[in-house]
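Structural description and commentary
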Amino acid sequence: MVARRRESAARRREHTYSYDRLRHEMKAKLFASLMLSLFAIPVGCTNSDSEGNRGTVDPGHDGGGGGSSPEGGTPRAPVDATYKFTKFFQERASGEDVAKRVNDFVAALNTDGAAGYRYIDGAETGGGIVTFGEDVLLVKDSASTYTYQALPLRFDVVSPSTIDVHAELLQQMKTQGAAGFVFVKILAAGLEQGDGRASEFATLYRKDNGSNATYDYTSAPFPKTSTEYESLGNAQGANGFRYWASPLMANQGQKLYFIKDASSDAKYAVRALVDPRSEIGGDDDAVKAQFRDQGAQGYRVQLGFSFEEDRGRFSVLYVKDTTQAAVFEYESLSPPGTIFVTQELADQANAQARNGLRYLREPGSPIYFSARQCTGPLCLTPTESELTFRN
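Turning our attention to the state of the cysteines. This model, assessed by the stated rule, comprises 1 disulfide. Two residues share a disulfide in this structure: C374 and C379, whose sulfurs sit 2.0 Å from each other. The chirality of the disulfide connecting C374 with C379 is left-handed, given an S-S dihedral of about -100°. C379 carries the same exposure label as C374, and that label is buried.

Encoded structure:
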């Protein structure tokens with residue numbers, strides 16, 4: 001009876017946690033749908049993913065006969081990218097090891113990784129010490145295979161001062177990076193229940209088995225203005241670091257984490273430009289023009305955000321590899337279903353790959369992009385954490 005009551009209490013706590021997470025997810029995705037509405041612009045790409053895989057897309061025509069075209073140009077060549085949707089959900093049975101769900105999830109990812117699929121986005125469908133689920137979007141866009149690994153991360157959601165979780169996470173990232181792993185996200189599944197709160201979670205990492213690259217990480221306090229973000233991003237970029245993630249952990253504060261590929265000479269620059277719709281007279285056409293102008297200068301769109309002290313003004317953030325002269329072009333489509341990751345999104349992404357476009361972001365307002373004169377991680381579909389200030 002006591003065990004049953006504890007289990008019921010755990011489920012109630014989990015439902016509250018899952019609802020808060022879902023509400024945050026909904027708010028972020030709805031905002032992105034508003035920020036990044038329809039725009040259409042143009043493409044081509046020599047590429048490598050964020051772990052160094054390289055490949056080449058040759059100019060030519062869409063073999064399917066239905067390729068989209070740059071403005072006034074020839075049809076785009078298909079890109080070598082296959083997107084896949086998978087579902088994972090598991091409920092812990094009474095007396096079952098709480099880590100089993102995470103281990104089984106990682107095992108499923110490793111099956112996909114062995115087939116060359118790279119995790120790019122996931123929407124939690126359950127999280128806590130009882131259930132865990134994710135709807136996952138993956139992409140196969142290189143000849144590499146991948147290995148996934150989850151490690152525990154402890155933090156106290158009630159008394160955060162007892163553990164410096166950001167210091168713990170940064171050290172974990174650095175250790176994993178030295179072994180060739182990149183941080184992917186913090187999973188919603190709780191690994192340990194203590195004093196009425198989930199105090200241990202799992203961090204997901206990915207390794208490119210075809211690369212000898214190692215990675216370094218650094219972190220910084222979350223900026224309060226777009227100007228502070230620009231200064232921080234450009235200072236880190238000059239040293240080869242680019243924004244990578246900003247994990248959201250209850251009552252722990254928030255930091256930005258940056259990654260550096262030790263095998264790369266790339267340097268990065270960022271821009272935080274005012275969303276034209278934040279100003280009187282601004283409209284969607286002005287946003288399209290901004291995307292077009294920045295893409296022509298080699299800046300890939302990153303995300304839209306309103307910083308704490310920018311007084312409600314929205315900014316569009318961009319990133320550029322300053323060691324090359326890439327050109328980015330974009331198209332946006334209507335969502336194929338809900339605002340979450342679905343099979344319909346994967347189907348749409350595969351159709352667009354045949355049209356020469358790669359999926360960039362936002363299931364609720366899908367944005368696709370292309371690049372030419374481009375090498376390096378900015379050329380391929382990024383991991384979702386790179387495009388948001390929450391994880």
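Having seen the model, we can carry on.
If you trace the 3 strands from one edge of the open sheet to the other, you get β12-β14-β13, paired in antiparallel fashion. Since the sheet does not close on itself, it has two edges, and those belong to β12 (268-274) and β13 (300-305), each with one partner. The average undirected angle you get between the axes of adjacent strands in this sheet is 25°. With 7 bridges connecting them, β12 and strand β14 (residues 315-321) associate as antiparallel partners. Following the sheet pairing, A272 is matched in β14 by L317. Here helix α4 (residues 226-238) sits on the sheet and contacts β12, β13 and β14; the angle it forms with β12, its principal contact strand, is near 170°. Along the sheet, helix α5 (residues 284-296) makes contact with β12, β13 and β14, crossing β14 at roughly 15°.

What the rule picks out here adds up to 19 aromatic pairs. For the ring pair Y243 and F258, a centre distance of 6.3 Å and an interplane angle of 80° mean the geometry is edge-to-face. Here Y243 is found in strand β10 (residues 242-245), whereas its partner F258 is found in strand β11 (residues 255-261), with 15 residues between them in sequence. Taken as a pair, Y243 and F258 share a single burial class, namely buried. Their ring planes at 85° and their centres at 4.9 Å tell us that F305 and F389 sit as a pair that is edge-to-face.

Cut-offs and rules
- Residues numbered from 1 in each chain as written.
- Predicted model: local features only at pLDDT ≥ 70, side-chain atom pairs only at ≥ 80, totals over all residues.
- Heavy atoms only, no water.
- Disulfide = S-S within 2.5 Å.
- Buried < 20%, exposed > 50% of the residue type's maximum accessible area, 1.4 Å probe, protein only.
- Pairing = 2+ DSSP bridges.
- Helix = DSSP H or I, 4+ residues; strand = E, 2+ residues; numbered from the N terminus.
- Axes fitted to C-alpha atoms, helices over the stretch in contact; angles between N-to-C directions.
- Contact = heavy atoms within 4.5 Å.
- Phe/Tyr/Trp six-rings, centres within 6.5 Å; stacked < 30°, edge-to-face > 60°.

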